[in-house]
Every structure is written in structure tokens, then in C-alpha cells.
Amino acid sequence: GQQVQQSPASLVLQEGENAELQCNFSTSLNSMQWFYQRPGGSLVSLFYNPSGTKHSGRLTSTTVIKERRSSLHISSSQTTDSGTYLCALGPNSGGSNAKLTFGKGTKLSVKS
Amino acid sequence: AQTIHQWPVAEIKAVGSPLSLGCTIKGKSSPNLYWYWQATGGTLQQLFYSITVGQVESVVQLNLSASRPKDDQFILSTEKLLLSHSGFYLCAWSLLRQNYEQYFGPGTRLTVL
């Protein structure tokens, strides 16, 4: 089955530093989503990015299909960025189940 | 605009008791629906999916069942809860005719004692 590896597992930054979160997958890609998981568990969708680069404020997502990786870059980190970031790989073939396979997440802590 | 609502927000239940969790999607016609579960400290995994009313497919066996009684409603249930059912349950929807992007509800926190 599909395997999704996120790195690092945890990251501690000083406010203002940049963060680079990685997501590597073992099978061919059809879609990639990045989420922020709130402490209570709910998900905030950050990017739907099956290929290329997308920007949203201080966040940038880059997916390189042939290298089977996607990254999330956070620039000028703030304490409010602290939390868990999840990547999720979509199905690699046609079908009715758009099952997302999640990574274990990167726990980010930004200190002031 | 589409909205997704889950109920209850949280539940504390006894082992062996029944459970029913609900999910409603408004503003989208004939969405694909999904149930995901995350054990405390664990990885989110898909439990069920449904592409149409009355049809539900199981992805992971956890002694749970799901039903889709209406186009906009997805129910997760069991007659006998286990301690291992504790965790966070998320409902999601997508429109495969567009792309594979999924949209998640706020979730239900379940504690089984």
C-alpha cells in the first residue's frame, strides 16, 4: 500500500526562523494535501497541491512528482504557527474511493 | 457555500454501550463521503467511504459500521463499544468529478471508559 513519511517528526524554532517540512511517498502520486491539525484535533486545509508550487501568505507548498516528495515551507515563523502539520497522499489510480493516506505529522513548536 | 457538521462534539461512553456519530453536508449534491479515525497519538486512517445513498464500503475493520441514509448524511455506529474505539472521528467529503481534494468536518472526540 501507499506509504507516507514525514520529516522531521518534531521541530523547534525561534520566532522569525523559517521551517521546511518534508513529505515523501512510496507510490505514484495523484494528489497531495497539507493540513494543520489544531490541538483539539480538527484539520485546517492548507494546500491541495498535486504538482508544482503554491503560495498562501507565509506558506509555500512544492510537490515534485518524479521525486515523490512534497514540502511545506513556513517563512518568518510565529508562535501561532505551533502545532502539528500533516501531509496526505491521494489515490494513485482511478476509482471511487479518494482515500487519503496520512503521514504521522510534524510537530512544530515556535518559541518567542 | 457548503458546510459540514458533525455531532456530537464529544462523547464519553462506557465499554459495551452503543454509539452513533453523525455527519451532515449541506450545499453539495451527491458528494463522496468518508469517515476517518485517529487514536490518541496515532495516524489518521480512513474507515469507510460512500459514493451514493445506501452504499458504504469498509476500509478498515474496527467493529464499527457506517450507513448513508440520505444524500447529505453519514452515520457511524456500533452496538458495543471497545476501549480501542477511543479517539477522534472525522467526516469528510469530496467530489471526484472535480479532483481528489477532501474537505473535513470539525470532528467528534470519543472517550470510552
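Up top you'll find the structure we're talking about.
Residues numbered from 1 in each chain as written. Chains lettered and ligands numbered in written order. Predicted model: local features only at pLDDT ≥ 70, side-chain atom pairs only at ≥ 80, totals over all residues. Heavy atoms only, no water.

Side note on the overall build of chain B
Along the backbone of chain B there are zero helices and eleven strands. Helices and strands in chain B line up, N terminus first, as β-β-β-β-β-β-β-β-β-β-β. Over its C-alpha atoms chain B spans a radius of gyration of 13 Å, differing by no more than 12% from the 13 Å that the globule rule assigns to 113 residues. Over its C-alpha atoms, taken along the principal directions, chain B stretches across nearly 40 × 25 × 20 Å. Buried residues in chain B amount to 47% of all 113 residues. Per element, the accessible surface of chain B, about 5,200 Å² overall, is 53% carbon and sulfur. Across chain B, the centroid of the 8 positively charged side chains sits 3 Å from that of the 6 negatively charged ones. (Helix = DSSP H or I, 4+ residues; strand = E, 2+ residues; numbered from the N terminus. Rg over C-alpha atoms; globule rule 2.2 N^0.38 Å. Buried < 20%, exposed > 50% of the residue type's maximum accessible area, 1.4 Å probe, protein only. Areas by Shrake-Rupley, 256 points an atom, 1.4 Å probe, with all protein chains shown as cover. Lys, Arg positive; Asp, Glu negative; His and termini not counted. Charge placed at Lys NZ, Arg CZ, Asp CG, Glu CD.)

Considerations on the interface of chain A and chain B
Counting residues at the interface gives 24 residues for chain A and 21 residues for chain B. Roughly 1,700 Å² is buried in total at the junction of chain A and chain B, and carbon and sulfur atoms are behind 56% of that figure. The tally of links from chain A across to chain B stands at zero salt bridges. For the side of chain A that touches chain B, the secondary-structure elements that each account for two or more residues are strand S4 (32-37) and strand S5 (43-48) of chain A. Of the residues that constitute the side of chain A that touches chain B, the class distribution is eight nonpolar, 14 polar and two charged. (Contact = heavy atoms within 4.5 Å. Buried area = accessible area lost by both parts, 1.4 Å probe. Salt bridge = Lys/Arg side-chain N within 4 Å of Asp/Glu carboxyl O. Nonpolar A, V, L, I, M, F, W, Y, C, P; charged D, E, K, R; others polar.)

Description of the sheet that holds strand S7 (residues 59-64) of chain A
All names here are of chain A. Strand order in the open sheet formed by five strands is S1-S3-S8-S7-S6, and the pairing between neighbours is antiparallel. The open sheet has two edge strands, strand S1 (4-7) and strand S6 (52-56), and neither has a second partner. Pairs of neighbouring strands in the sheet enclose a mean axial angle of 15 degrees, with direction left out of account. As paired strands, strand S3 (residues 19-25) and strand S8 (residues 69-74) are joined by six bridges and run antiparallel to one another. Its bridge partner being in S8, Gln22 is matched across the sheet by Ser71. (Pairing = 2+ DSSP bridges. Axes fitted to C-alpha atoms, helices over the stretch in contact; angles between N-to-C directions.)

Focus: the sheet that holds strand S8 (residues 73-78) of chain B
Residues and elements named next belong to chain B. Strand order in this open sheet of four strands is S1-S3-S8-S7, and the pairing throughout is antiparallel. Both edges of this open sheet fall to strand S1 (3-7) and strand S7 (65-70), since each of them pairs with a single strand only. With direction set aside, neighbouring strand axes in the sheet form an average angle of 20 degrees. For S1 and strand S3 (residues 19-26), the ladder comprises five bridges, and the chain directions are antiparallel. By the bridge assignment, Trp7 is partnered in S3 with Gly22.

As for unusual backbone geometry
The step from Ser7 of chain A to Pro8 of chain A runs through a cis peptide bond, and the omega angle for that step is -10 degrees. By the secondary structure assignment, Pro8 of chain A is in the loop between S1 and strand S2 (10-14). Cis peptide bonds are those with omega within 30 degrees of zero, and the linkage from Trp7 of chain B to Pro8 of chain B qualifies with -10 degrees. A positive phi angle, close to 60 degrees, is found at Asn63 of chain B, a residue other than glycine. Relative to the helices and strands, Asn63 of chain B is located in the loop between strand S6 (55-58) and S7.

A word on the nonpolar core
Trp35, Leu47, Phe48, Leu76 and Tyr89 of chain B are the most contacted members of the largest nonpolar core, which has 21 residues in total. At the level of secondary structure, the elements contributing two or more residues to this core comprise S3, strand S4 (32-38), strand S5 (45-52), S8, strand S9 (87-94) and strand S11 (108-112) of chain B. Considering each element in turn, this core owes the most residues, four residues, to S3 of chain B. Sequence-distant contacts of Leu47 of chain B, defined by excluding residues within four places in its chain, comprise Trp35, Tyr36, Trp37, Glu57, Ser58, Val59, Val60, Leu62, Leu64, Leu76 and Tyr89 of chain B. Leu29, Leu59, Leu72 and Ile74 of chain A belong to the second-largest nonpolar core, a separate cluster that totals 20 residues. (Core = buried A, V, L, I, M, F, W, Y, C linked by side-chain atoms within 4.5 Å.)

A few points about the side chain of His85 of chain B
Following the sequence through the fold, His85 of chain B ends up in the loop between S8 and S9. When sequence neighbours within four positions are dropped, the list of residues in contact with His85 of chain B reads Trp37, Leu62, Asn63, Leu64, Lys80, Leu110 and Val112 of chain B.

Quick word on the pattern of salt bridges
All names here are of chain A. Here the structure, examined in full by the defined rule, presents four salt bridges over all chains. Salt-bridge contacts for Asp81 lead to Arg58; the nearest nitrogen and oxygen are separated by 2.9 Å. Placement of the pair is Asp81 in the loop between S8 and strand S9 (83-89) and Arg58 in the loop between S6 and S7, with a sequence separation of 23 residues. Exposure remark for Asp81: the relative accessible area of 8% places this residue in the buried category.

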